[in-house]
4 protein chains.
Amino acid sequence: MKARTSKPGGEVGPPVAGQRSVARRPSKRLIGASERRAAIVAAGLDEFTAKGFAATRLDDVARRAGVAKGTIYLYFKDKEALFEELVRTALGPLVARLANPPTGEGSARDAVRTRAELFVREVIGTQRGDLLRMVIAEGGRFPALADFYYREVVSRGLAGMRKLIEYGIARGEIRNPEIAAHPQLMAAPLVMAVIWQGLFRTQAPLDTAAMLRVHLDLIFTDGRTA
Amino acid sequence: MKARTSKPGGEVGPPVAGQRSVARRPSKRLIGASERRAAIVAAGLDEFTAKGFAATRLDDVARRAGVAKGTIYLYFKDKEALFEELVRTALGPLVARLANPPTGEGSARDAVRTRAELFVREVIGTQRGDLLRMVIAEGGRFPALADFYYREVVSRGLAGMRKLIEYGIARGEIRNPEIAAHPQLMAAPLVMAVIWQGLFRTQAPLDTAAMLRVHLDLIFTDGRTA
Amino acid sequence: MKARTSKPGGEVGPPVAGQRSVARRPSKRLIGASERRAAIVAAGLDEFTAKGFAATRLDDVARRAGVAKGTIYLYFKDKEALFEELVRTALGPLVARLANPPTGEGSARDAVRTRAELFVREVIGTQRGDLLRMVIAEGGRFPALADFYYREVVSRGLAGMRKLIEYGIARGEIRNPEIAAHPQLMAAPLVMAVIWQGLFRTQAPLDTAAMLRVHLDLIFTDGRTA
Amino acid sequence: MKARTSKPGGEVGPPVAGQRSVARRPSKRLIGASERRAAIVAAGLDEFTAKGFAATRLDDVARRAGVAKGTIYLYFKDKEALFEELVRTALGPLVARLANPPTGEGSARDAVRTRAELFVREVIGTQRGDLLRMVIAEGGRFPALADFYYREVVSRGLAGMRKLIEYGIARGEIRNPEIAAHPQLMAAPLVMAVIWQGLFRTQAPLDTAAMLRVHLDLIFTDGRTA
DNA sequence: AATGAATGAGCCTTCATTCAT
DNA sequence: TATGAATGAAGGCTCATTCAT
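Scoring rules and cut-offs
- Residues numbered from 1 in each chain as written.
- Chains lettered and ligands numbered in written order.
- Predicted model: local features only at pLDDT ≥ 70, side-chain atom pairs only at ≥ 80, totals over all residues.
- Heavy atoms only, no water.
- Helix = DSSP H or I, 4+ residues; strand = E, 2+ residues; numbered from the N terminus.
- Areas by Shrake-Rupley, 256 points an atom, 1.4 Å probe, with all protein chains shown as cover.
- Expected span 1.5 Å × (residues − 1).
- Buried < 20%, exposed > 50% of the residue type's maximum accessible area, 1.4 Å probe, protein only.
- Contact = heavy atoms within 4.5 Å.
- Buried area = accessible area lost by both parts, 1.4 Å probe.
- Salt bridge = Lys/Arg side-chain N within 4 Å of Asp/Glu carboxyl O.
- Polar contact = N/O pair within 3.5 Å; in protein donor to acceptor, adjacent residues only side chain to side chain.
- Least-squares fit on C-alpha atoms with pLDDT ≥ 70 in both.
- Nonpolar A, V, L, I, M, F, W, Y, C, P; charged D, E, K, R; others polar.

A. Examining the overall build of chain A more closely. Across its full length, chain A carries 9 helices and 0 strands. Summed over all atoms, the accessible surface of chain A reaches about 10300 Å², with 54% contributed by carbon and sulfur.

Put into structure tokens, the structure is as follows:
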């Protein structure tokens with residue numbers, strides 16, 4: 001068992017590649033402070049998801065971001081602050097979209113399916129998925145992070161889900177109304193898929209779409225629209 | 001975000017009590033090599049689940065196991081080997097029980113329910129749950145571990161689950177036979193529960209039992225037996 | 001042993017007040033280069049005496065002086081140059097007063113006593129005392145500073161002292177004329193007092209005035225005038 | 001002003017030179033734990049007195065002691081603990097000798113002179129003198145150190161001095177009994193000499209012996225014995 | 001002249017691993 | 001087999017100094 005260290009991927013954030021040319025001052029003031037900050041966050045996302053929190057060296061983050069090590073500390077108090085920011089940045093906007101109020105027209109099933117597909121597209125198998133897996137594991141040791149994550153991501157996501165379920169119940173689409181008390185059941189296959197693809201993609205790739213269709217069939221009375 | 005470091009719990013593994021007594025040589029040759037090895041694994045389980053892979057110090061593992069630091073290297077090649085062994089030891093036997101062939105008498109729902117309850121009892125909220133969360137996160141970085149985990153734990157667990165589903169289909173208990181192609185759907189709420197209790201227990205404890213009942217109601221036609 | 005970092009005092013140097021106001025540009029061109037330089041020196045005095053040479057951060061000096069960090073380098077080659085200048089500025093003028101030629105009228109004892117009292121007032125327990133202690137310790141590692149200090153401060157101070165002693169011998173006030181060869185003996189209790197108050201003020205405050213009276217009594221034949 | 005960094009001297013502690021030979025395991029267990037500890041303290045004394053507290057690198061201490069950097073941490077909690085220990089070790093035994101009860105026979109002047117000569121021989125111009133100068137300067141920033149130093153060194157030394165003075169008064173040797181209230185006056189020229197030789201040795205060496213003779217003449221009525 | 005963002009060398013401390021005993 | 005002292009590489013963070021603006 002030898003630890004794998006890097007990974008080609010990197011869907012989130014600007015490429016930032018090309019830094020580290022021989023000329024000592026390649027860009028410097030060509031980019032503003034916020035771009036620089038974004039480059040650090042993007043590099044951090046790459047490194048943290050590839051190596052985990054403890055094994056990530058800020059040296060590598062700096063190199064990947066094309067800045068000096070000390071520069072990181074101009075923008076973030078320490079390694080943990082960078083990690084937190086990164087979770088916020090990478091997952092926050094997505095959750096906002098997932099927690100969108102139900103559109104009001106169309107079926108609840110379609111609304112759920114649309115959101116699930118967004119999740120599949122934007123999270124499963126991407127760095128965001130890796131990050132989510134990181135939070136799952138490290139969260140227990142960083143109560144502040146778990147707190148933040150619950151407040152900003154989970155509770156909002158679940159609230160949105162519950163709204164959708166109630167909407168579906170009102171429309172008579174939901175087979176068993178008791179699920180309204182357990183919106184986690186609606187999300188569970190998505191979490192399962194994130195984990196599966198992160199760990200067992202190579203051993204046994206998961207047909208996420210098919211699985212989700214069956215999942216929706218279990219919950220909704222009529223899948224004609226899917 | 002300050003890292004939390006220890007945790008009182010510890011349901012899994014042999015007691016290992018008595019270590020750390022004042023007398024420096026508490027037992028020595030009173031215990032054989034395999035007991036010694038077991039003590040190290042048990043201590044490793046405590047430490048790894050409490051602090052994570054990187055933050056665990058072999059010094060602490062040794063102290064907790066009541067052996068010298070160097071002794072660990074007599075039994076394990078390195079830190080990673082100990083971690084692998086520990087996953088094997090802590091989760092292997094459990095999987096064997098979960099993957100038991102269906103008993104042949106009684107309903108499939110009961111069989112699933114029984115196994116789920118075993119999982120809830122033995123994993124969720126215990127060190128095994130913490131370990132499972134660790135594997136979820138670190139697995140991506142330890143391909144050998146992910147491999148092993150897939151072979152020894154996941155594929156066997158899923159095979160058992162599939163058997164149960166087919167048994168249920170044969171008995172006409174299953175609402176939607178398509179679930180046979182996605183046994184992950186059966187397990188997803190359990191995974192979700194492990195994660196939830198590990199991370200958000202304090203913010204919003206989950207009524208696992210209630211959730212599982214609804215879950216079974218979604219899948220099985222008749223819950224009268226539950 | 002935890003390092004103490006700041007200290008309220010600050011008798012020496014221009015006020016430098018008003019800096020650190022909320023408005024980012026408090027004065028700028030309202031003050032000339034020499035005022036700016038003086039502000040830096042004054043801030044340096046505060047910081048160096050409070051934290052020592054190595055522990056002083058130029059960042060803090062700059063902030064306290066109300067200038068940008070880079071500005072310091074417009075006036076001083078580096079940290080050491082600032083420290084040297086500061087010693088020159090803070091102790092030079094005082095020495096000039098201490099080394100004043102004997103007034104010609106009045107007793108030698110009174111002249112010594114007057115100068116000692118000046119020293120007590122202006123040095124002991126003040127920032128100048130802290131600075132003197134710094135020089136005592138760091139001097140060995142900064143030969144140029146020790147040189148300067150010897151030339152500008154010590155040799156001149158001792159020469160003045162010797163003059164006073166000879167004046168006293170001529171007037172028959174001195175008990176033992178051999179002290180003329182060792183003017184350091186005259187100053188030794190003052191040095192002792194600076195050190196004592198700097199280190200042991202809290203444990204056992206020193207009655208400097210009483211000690212000095214006895215000291216003079218040992219050297220001068222008649223203390224009636226004191 | 002360029003900082004001088006090393007210094008050939010080194011009166012205290014075993015030489016410890018010669019370590020770092022090409023062979024990877026030159027001695028190791030040839031020396032015991034306490035010798036190793038002593039070597040670290042001795043190396044620390046060299047380095048701290050040569051460079052000051054902050055500028056001393058534990059890397060250099062380790063190299064000079066012939067051990068690995070990490071080894072220092074087996075014996076001392078951190079840099080400060082090493083420094084404290086070093087002060088204790090280097091100055092403690094000396095103080096014990098200086099604070100010896102007066103012998104009971106012979107003149108007080110002789111007793112003082114003997115102790116002063118011991119101080120001159122063992123402190124002035126040696127590493128112990130450098131260390132003393134360090135304490136003088138850093139003490140203000142390390143209250144715990146100043147505390148320790150006052151308790152272990154200064155108060156004991158002064159108490160011994162006071163005893164001697166009272167012994168001298170009883171024998172009628174002391175010119176001015178008021179000095180009993182200010183034993184610091186007795187020690188002041190010694191402190192002065194330590195500082196002088198540490199800083200101005202090269203500019204103007206001090207004839208310490210001559211100065212001390214005059215000092216004693218000022219205090220004692222009869223110097224015939226000196 | 002003045003700024004302050006950026007740099008990167010440097011250092012204390014930790015800890016997995018080794019090995020003489 | 002067991003020990004635990006010793007090792008030394010590694011990494012987070014600081015801060016004097018530089019330089020584009």
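B. Representation of helix α9 (residues 208–219) of chain C in the model. The end-to-end C-alpha distance of α9 of chain C, which contains 12 residues, comes to 17 Å, matching closely the 16 Å that a straight helix rising 1.5 Å per residue would cover. The buried fraction of α9 of chain C amounts to 10 of the 12 residues, a majority that puts the element mostly inside the structure. Looking at α9 of chain C, one finds that the buried residues are T208, A210, M211, L212, V214, H215, L216, D217, L218 and I219 of chain C. At its buried positions, α9 of chain C is contacted by α5 (108–122) and α8 (183–200) of chain C together with α8 (183–200) and α9 (208–219) of chain D.

C. Representation of the interface of chain C and chain D. Each side of the interface is counted separately: chain C has 59 residues, and chain D has 61 residues. Roughly 5200 Å² is buried in total at the junction of chain C and chain D, and carbon and sulfur atoms are behind 71% of that figure. At the surface where chain C touches chain D, the tally comes to 0 salt bridges. Run the count over chain C and chain D and you get 6 residue pairs in polar contact (both at pLDDT 80 or more). Contributing elements (two or more residues each) for the side of chain C that touches chain D: α1 (33–51), α4 (79–98), α6 (127–138), α7 (143–170), α8 and α9 of chain C.

D. Representation of helix α6 (residues 127–138) of chain A in the model. Residues and elements named next belong to chain A. Compared with an ideal rise of 1.5 Å per residue, which puts 12 residues at 16 Å, α6 spans 16 Å between its outermost C-alpha atoms and is within 8% of the ideal. Taken across its 12 residues, α6 has 12 buried, putting it largely inside the fold. Taken residue by residue, α6 has Q127, R128, G129, D130, L131, L132, R133, M134, V135, I136, A137 and E138 as its buried positions. At the N-terminal end of α6, a side-chain oxygen is found 3.0 Å from the backbone nitrogen of R128, two or three residues along, and the residue is T126.

E. The arrangement of the relation of the copies chain C and chain D in detail. Least-squares fitting of chain C to chain D yields an RMSD of 0.3 Å, with the transformation described by 0.1 Å of translation along the axis and a rotation of 178°. In symmetry terms, the pair is related by a two-fold rotation axis. When you check the interface residues of chain C against chain D, 100% turn up at the interface there too, and the contact is symmetric in its surfaces.

F. Highlighting the interface of chain B and chain A. Taken together, the contact pairs 59 residues of chain B with 60 residues of chain A. There are 0 salt bridges connecting chain B and chain A. The interface formed by chain B and chain A holds 8 residue pairs in polar contact (both at pLDDT 80 or more) in total. Listing elements by their share of the side of chain B that touches chain A, those giving two or more residues are α1 (33–51), α4 (79–98), α6 (127–138), α7 (143–170), α8 (183–200) and α9 (208–219) of chain B. By residue class, the composition of the side of chain B that touches chain A is 36 nonpolar, 10 polar and 13 charged.

G. Expanded view of the relation of the copies chain B and chain A. Rotating chain B by 179° and translating it 0.0 Å along the rotation axis places it on chain A, where the RMSD comes to 0.3 Å. Taken as a fraction of all interface residues of chain B, those also at the interface in chain A reach 100%, which identifies the copy contact as same-surface.

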